Amino acid sequence: MELIGLANYALFMGIFIGIYALLALGLNIQWGFAGLFNAGIAGFFAVGAYASAIVTGPAAEGRLGGFDMPFFVGWLMAMVAAALIAWPIGKICLRFRSDYLAIASIGVAEIIRLVVKSEPALTNGARGITSLPRPFGDLPYVQSQLAYLVIVAIVLLGAYSLVERQFNAPWGRMMRAIRDNELAARAMGKNIERRRLEAFIFGSALMGLGGALFAHFNRSITPEAIDPMVATFLVWIMLILGGSGNNRGAILGAAVVWIIWSMSEIATDQLPAEYAVKAKYIRLFLIGLMLQLVLRFRPEGLLPEPQRGKAVAYSKRE
């Protein structure tokens with residue numbers, strides 16, 4: 001029984017690593033490629049989760065939804081909804097400097113969170129939306145977990161392949177040029193605002209897909225899941241630790257941070273009840289300490305951004 005329990009927990013951890021890796025990839029498009037400081041990841045995560053829940057969930061009196069569509073339709077709608085929300089936000093907020101963009105994106109995420117909590121006709125308010133379909137959910141528990149892990153891995157691999165291809169394509173080189181020297185890119189005739197908006201929309205769509213995967217894995221979505229601590233700032237830590245500008249680094253950072261986050265919870269649960277609650281703050285301490293060590297000794301992350309062009313030639317001569 002203990003081995004089965006450990007296997008279940010390992011599958012659970014693998015699924016969440018895959019979901020958070022998608023969020024980190026979306027943030028890497030925005031920050032690693034384009035230098036856009038999006039501090040409202042939780043908002044696009046919520047939009048994707050609730051859009052998929054509304055499309056695929058069962059009928060409920062007094063609430064929008066009940067279309068009973070297949071799960072993959074809900075996941076596509078999650079990406080579309082997050083992209084549609086990102087377009088007007090990007091048109092307005094991307095005019096700001098990076099620090100003002102961070103403040104504006106936090107505000108947008110809070111607006112979305114408050115709408116989720118206070119609009120029962122759309123999101124069922126604080127009770128959330130339940131009874132969502134889960135792929136292979138009719139299988140026994142372990143097999144169902146394993147099947148969902150395979151699905152998440154396939155989605156992550158597909159997203160990684162597409163993002164990596166864009167990273168090495170002219171679009172990716174142009175985005176890095178805009179990030180590194182906006183004035184030079186503008187002098188070359190590049191439409192800076194349009195390209196940044198593209199990166200913002202593409203990254204937000206992946207965040208919405210991550211929210212949909214999360215909702216269907218749990219078979220429900222509630223406002224409590226839209227915690228900025230775990231849906232925004234934890235994703236930032238994953239990307240910074242793994243290596244901004246490196247898609248493999250984003251995935252590695254998601255794995256490392258989530259393993260520490262989960263294993264520390266197991267460790268604190270073994271303590272007496274009067275200490276267990278207080279000890280859970282050790283998780284934040286460990287993550288913060290790890291981030292400080294990385295920033296101090298390896299500020300470029302565990303897997304730095306791959307060098308291109310003249311930088312590669314120069315490093316080889318060295």
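Another point: the overall build of the protein chain. A count of helices and strands for the protein chain gives 14 helices and 0 strands. Compactness check: the protein chain gives a C-alpha radius of gyration of 20 Å against a globular reference of 20 Å for 318 residues, within 12% of the reference. Taken over the C-alpha atoms alone, the protein chain extends approximately 55 × 45 × 35 Å along its principal axes. For the protein chain, with 318 residues in total, the buried portion stands at 47%. Restricting the contact set of the protein chain to residue pairs at least 6 apart, pairs at least 24 apart contribute 76%. For the protein chain, the exposed area adds up to about 15,900 Å²; of that, 67% sits on carbon and sulfur atoms. Charged side chains in the protein chain number 28 positive and 20 negative. The centres of these two groups are separated by 10 Å.

Counting across every chain of the model gives 18 aromatic pairs. Seen from their ring centres, Phe71 and Phe72 are 5.7 Å apart, and the 80 degrees between their planes marks the pair as edge-to-face. Here the aromatic residues Tyr9, Phe12, Phe16, Tyr20, Phe45, Phe71, Phe72, Trp75, Tyr148, Phe214, Phe217 and Trp258 are joined through ring pairs into a cluster of three or more. The ring of Tyr148 is capped by Arg134, whose NZ or CZ atom sits 5.4 Å from the centre of that ring.

It is worth spelling out the pattern of salt bridges at this point. With the rule as written, the count across this model stands at 10 salt bridges. With a closest N to O distance of 3.0 Å, Arg196 and Glu182 form a salt bridge. You can see Arg196 sitting in helix H9 (residues 192-218) and its partner Glu182 sitting in helix H8 (residues 182-187), a full 14 residues away along the chain. On the basis of relative accessible area, Arg196 is assigned to the buried category, the value being 18%. As a salt-bridge pair, Arg194 and Glu198 come within 3.5 Å of each other at their nearest N and O atoms. Taken together, the residues span about one helical turn, with Arg194 and Glu198 both in helix H9 at a distance of 4 residues. Exposure remark for Glu198: the relative accessible area of 16% places this residue in the buried category.

We now examine the environment of Val142. By secondary structure assignment, the location of Val142 is in helix H6 (residues 141-168). The sequence separation of Val142 and Phe12 amounts to 130 residues, and the corresponding C-alpha distance is 9.8 Å. Beyond its immediate sequence surroundings of up to four residues, Val142 is in contact with Ile4, Asn8 and Leu11.

This paragraph deals with the nonpolar core. Core analysis: the biggest nonpolar cluster contains 92 residues, and Tyr20, Ile221 and Trp258 have the highest contact counts within it. For Tyr20, the residues in contact, after removing those within four places along its chain, are Val230, Ala231, Leu234, Val235, Met238, Ala254 and Trp258.

Below, the discussion takes up the environment of Ala102. Tracing the sequence through the fold places Ala102 in helix H4 (residues 98-118). By relative accessible area, which is 11% here, Ala102 ends up buried. For Ala102, the contacting residues outside a window of four places in its chain are Phe37 and Ala39.

Most peptide bonds take the trans form, and the phi angle of most residues other than glycine is negative. Phi is positive for Asn124, which is not a glycine, with a value near 65 degrees. Positionally, Asn124 belongs in the loop between helix H5 (120-123) and H6. Residues other than glycine seldom take positive phi values, yet Ser131 does so here, at roughly 60 degrees. Relative to the assigned elements, Ser131 resides in the loop between H5 and H6. Given a relative accessible area of 54%, Ser131 falls into the exposed group.

This paragraph deals with the layout of surface pockets. Roughly 450 Å³ of internal volume is contained in the largest pocket. Every residue lining the largest pocket is counted, 22 residues in all, and those nearest its centre are Tyr20, Val230, Trp258, Trp261 and Arg283. Those elements that place two or more of their residues in the lining of the largest pocket are helix H1 (2-33), H9, helix H10 (228-242), helix H11 (247-269) and helix H13 (281-297). By residue number, the principal contributor to the lining of the largest pocket is H1, which donates 5 residues. Each residue belonging to the lining of the largest pocket can be placed in one class, and the counts come to 15 nonpolar, 2 polar and 5 charged.

Basis of the calculations
Residues numbered from 1 in each chain as written. Predicted model: local features only at pLDDT ≥ 70, side-chain atom pairs only at ≥ 80, totals over all residues. Heavy atoms only, no water. Helix = DSSP H or I, 4+ residues; strand = E, 2+ residues; numbered from the N terminus. Rg over C-alpha atoms; globule rule 2.2 N^0.38 Å. Buried < 20%, exposed > 50% of the residue type's maximum accessible area, 1.4 Å probe, protein only. Contact = heavy atoms within 4.5 Å. Areas by Shrake-Rupley, 256 points an atom, 1.4 Å probe, with all protein chains shown as cover. Lys, Arg positive; Asp, Glu negative; His and termini not counted. Charge placed at Lys NZ, Arg CZ, Asp CG, Glu CD. Phe/Tyr/Trp six-rings, centres within 6.5 Å; stacked < 30°, edge-to-face > 60°. Lys NZ or Arg CZ within 6 Å of the ring centre and 35° of its normal. Salt bridge = Lys/Arg side-chain N within 4 Å of Asp/Glu carboxyl O. Core = buried A, V, L, I, M, F, W, Y, C linked by side-chain atoms within 4.5 Å. 1 Å grid on protein atoms, 1.4 Å probe; cavity = no way out; pocket = protein on both sides within 12 Å on 5 of 7 lines; lining within 4 Å. Points joined across faces, edges and corners; volume = space filled by probe spheres on them. Nonpolar A, V, L, I, M, F, W, Y, C, P; charged D, E, K, R; others polar.

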